[in-house]
Amino acid sequence: MTAKSYLSTTFAIAIAFWPLGVAAKYEIAVIDGDTVIANGMKIRLLEIDAPEIFHPTCNAERNLGNRAKIKLQGLLHQRQNIQFIFAKGKDRYNRFLAHMIIDGKDVGAILLKEGFALPWYPGSAAWKQRKKTWCSQVNCKRPLTATLQERAKTWILGARGSDASEQLGKSGFGRHM
């Protein structure tokens, strides 16, 4: 990534690191649909996987990845209440792992709900299935099919409990901007 592209996706916002509740001004840069940098700290969003931009398997994946990045940039634009809930440790790329909450809403749940990401499962079989899903998209105007979005909804509800239905809202999946 060039310095120019990094700077073009940087936002100055107020951010609170939960549970500390310390508010300060931070710079957040969106790298792709599931990775951001906050004041030099690379953060990978937990429980989701967005299509790749930098090393995609196919052009469709790159196109979908760019849409996911734009969506995440839009969610960050002009927001004042952003929190990170960090998990222990880092991933294999040395990124911190966290849920990002914007204005009280989980960003990962939003990206899943609106079809810009798939649930993350470990293992090479799950990785191959996500790649196959992204590279088999015929119409890249809508990132994911309704069937895959329903799978994501089931996974979110199972992983986060019944109160996740309030986070997802009653509108269901398949809404695209």
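Above: the structure in question.
If you're wondering where the values come from, they're calculated on a predicted model, not measured in any experiment.

The rules we used
- All residue numbers refer to position in the chain's written sequence, counted from 1.
- Owing to the predicted nature of the model, reporting of local features is limited to residues with pLDDT of at least 70; listing and counting of side-chain atom pairs is limited to 80 or more, with chain, interface and lining totals taken over all residues.
- With hydrogens and water stripped out, all remaining heavy atoms of the structure feed into the side-chain values.
- Here an axis means a line fitted to C-alpha atoms, over the contact stretch when the element is a helix, while the angle between two N-to-C directions is reported on a 0 to 180 degree scale.
- In DSSP terms, a helix is any run of H or I states spanning at least four residues, a strand is any run of E spanning at least two, and both are numbered starting from the N terminus.
- For classification purposes, angles smaller than 35 degrees are called roughly parallel, those larger than 145 roughly antiparallel, those between 65 and 115 roughly perpendicular, and all remaining angles oblique.
- Should any heavy atoms of two residues lie within 4.5 Å, those residues are considered in contact.
- Under the grouping applied here, Gly and all other residues not named as nonpolar or charged are polar, the nonpolar ones being Ala, Val, Leu, Ile, Met, Phe, Trp, Tyr, Cys and Pro and the charged ones Asp, Glu, Lys and Arg.
- Here, the term disulfide refers to a pair of cysteine sulfur atoms separated by no more than 2.5 Å.
- The pairing criterion is simple: DSSP has to find at least two bridges between the two strands.

Draft legend 1. Structural context of the packing of helix H2 (residues 59–76) against helix H4 (residues 124–135). Between H2 and H4, the least distance of the axes is 7 Å, while the angle of their chain directions is 90°. As summarised for this structure, H2 and H4 are arranged roughly perpendicular, according to the angle between their axes. Contact residues: Ala60, Glu61 and Leu64 in H2; Lys131, Trp134 and Cys135 in H4. Of the residues that constitute the contact of H2 with H4, the class distribution is four nonpolar, no polar and two charged.

Draft legend 2. Representation of the state of the cysteines in the model. A complete count under the given rule lists one disulfide for this structure. Note on cysteine connectivity: cysteine 58 is disulfide-linked to cysteine 135, with sulfurs 2.1 Å apart. Note on the cysteine 58 and cysteine 135 pair: the S-S dihedral is about -105°, so by sign convention the disulfide is left-handed. Taken together, the residues span a long stretch of sequence, with cysteine 58 in the loop between strand S5 (48–49) and H2 and cysteine 135 in helix H4 at a distance of 77 residues.

Draft legend 3. Main features of the pairing of strand S6 (residues 82–90). Pairing analysis gives six bridges linking S6 to strand S7 (residues 96–102), with the strands arranged antiparallel. Its bridge partner lying in S7, isoleucine 85 is registered against histidine 99. Two successive antiparallel strands, S6 and S7, enclose a turn made up of five residues, where asparagine 94 displays a positive phi of approximately 65°.

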